[in-house]
Structures are given as structure tokens and as C-alpha cells.
Amino acid sequence: AVKGKEPTPPAGTNQSDRRIKEKITPLGHENGIPVYAFSYLGETARYKGVMAQDILQIMPEAVVIQNGYFAVNYDMLGIQMELLEDAKNKKVLCYA
């Protein structure tokens with residue numbers, strides 16, 4: 001690895017740290033894992049996904065650090081992060 005650089009996260013890894021999300025709404029559970037609707041700070045798009053802090057308690061091996069924040073390898077969880085609403089295109093894939 002190159003000194004000073006974090007390793008490239010595995011495919012299927014998404015920024016999932018609660019500290020970079022807002023408008024967080026619980027949606028229930030998938031595969032026993034809490035899922036939420038949220039927006040990333042300063043963005044209008046809404047997503048469905050997990051909070052890395054929850055995953056640290058359930059499956060810590062699925063959590064990596066990326067740019068100083070937690071990221072989750074969704075492939076290890078057996079669920080996918082989904083776009084719920086893209087405000088720019090007004091496209092709603094799911095209501096949350």
C-alpha cells in the first residue's frame with residue numbers, strides 16, 4: 001500500500017457513517033439489520049440504507065474506514081443501498 005493512502009474499499013462499499021447523514025428515518029429491518037431513509041449532508045436525494053454504527057455492533061467485519069468516516073460493505077450484509085428519491089430529477093423509486 002502507498003503510505004498515507006487508505007486501501008481501496010471493496011466493491012459494494014458505501015459511505016454509511018451516521019455523522020455524514022441527515023433527515024434519518026427508521027424504515028424497519030432487512031435480514032435482521034436496521035434500515036433507514038436518509039439524505040447525505042447538504043444533498044436533497046433520499047436513500048435507503050444502513051448506519052455503519054449499527055453494523056459495527058452486528059457485523060464489524062463489514063465496516064471499513066474511508067476518508068475518516070465509516071463505510072459499509074453492503075455485499076457482506078446481503079442487502080443493497082437504494083436511491084429512494086432524486087429531487088433533481090423528481091424521480092421517486094420508493095416512498096420514505
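The shown structure was predicted, so the numbers you read here are calculated from the model rather than taken from an experiment.

Let's shift gears to the pattern of salt bridges. Under the counting rule described, the total for this entry stands at three salt bridges. A salt bridge links D17 to R19, with the nearest nitrogen and oxygen atoms 2.5 Å apart. For the salt bridge of K48 with E30, the shortest nitrogen-to-oxygen distance reads 2.5 Å. Here the residue K48 occupies a position in strand 4 (residues 46-49), and E30 occupies one in strand 2 (residues 21-30), the gap between them amounting to 18 residues. Among the residues examined, K48 registers a relative accessible area of 11% and is labelled buried. Salt bridges sharing partners connect three or more residues here, namely E30, K48 and E82.

This paragraph deals with the packing of aromatic side chains. Pairs of aromatic rings are described using the distance from one ring centre to the other and the angle between the two planes. In this structure the tally under the stated criterion is three aromatic pairs. Three or more aromatic residues joined by ring pairs make a cluster, and in this case those are F38, Y40 and Y47. Above the face of the Y36 ring, R18 is positioned so that its terminal group lies 5.5 Å from the ring centre.

Although it is not a glycine, N31 adopts a positive phi angle of roughly 50°. Within the secondary structure layout, N31 lies in the loop between strand 2 and strand 3 (33-40). Of note, the phi angle at N67 is positive, near 55°, even though the residue is not glycine. A residue is classified by how much of its surface remains accessible, and N67, at 61% relative accessible area, is exposed.

Criteria and cut-off values
Within each chain, residue numbers correspond to sequence positions counted from 1 in written order. Per-residue local features of the predicted model are confined to residues with pLDDT of at least 70, and side-chain atom pairs are confined, for both listing and counting, to 80 or more; whole-chain, interface and lining totals are unaffected and use all residues. Hydrogens and waters are ignored; side-chain quantities use all the structure's heavy atoms. We count a salt bridge whenever a side-chain nitrogen from Lys or Arg sits within 4 Å of a carboxyl oxygen from Asp or Glu. Put simply, DSSP H or I for four residues or longer makes a helix, DSSP E for two residues or longer makes a strand, and each gets a number counted from the N terminus. Think of it in three bands: with a 1.4 Å probe and only protein chains considered, a residue is buried below 20% of the maximum accessible area for its type, exposed above 50%, and partly exposed in between. Ring pairs shown here join Phe, Tyr and Trp side chains whose ring centres sit within 6.5 Å, with only the six-membered ring taken for Trp; geometry is labelled stacked below 30 degrees between planes, edge-to-face above 60, and tilted in between. Whether a charge lies above a ring is judged from NZ of Lys or CZ of Arg, which has to be within 6 Å of the ring centre and within 35 degrees of the ring normal.

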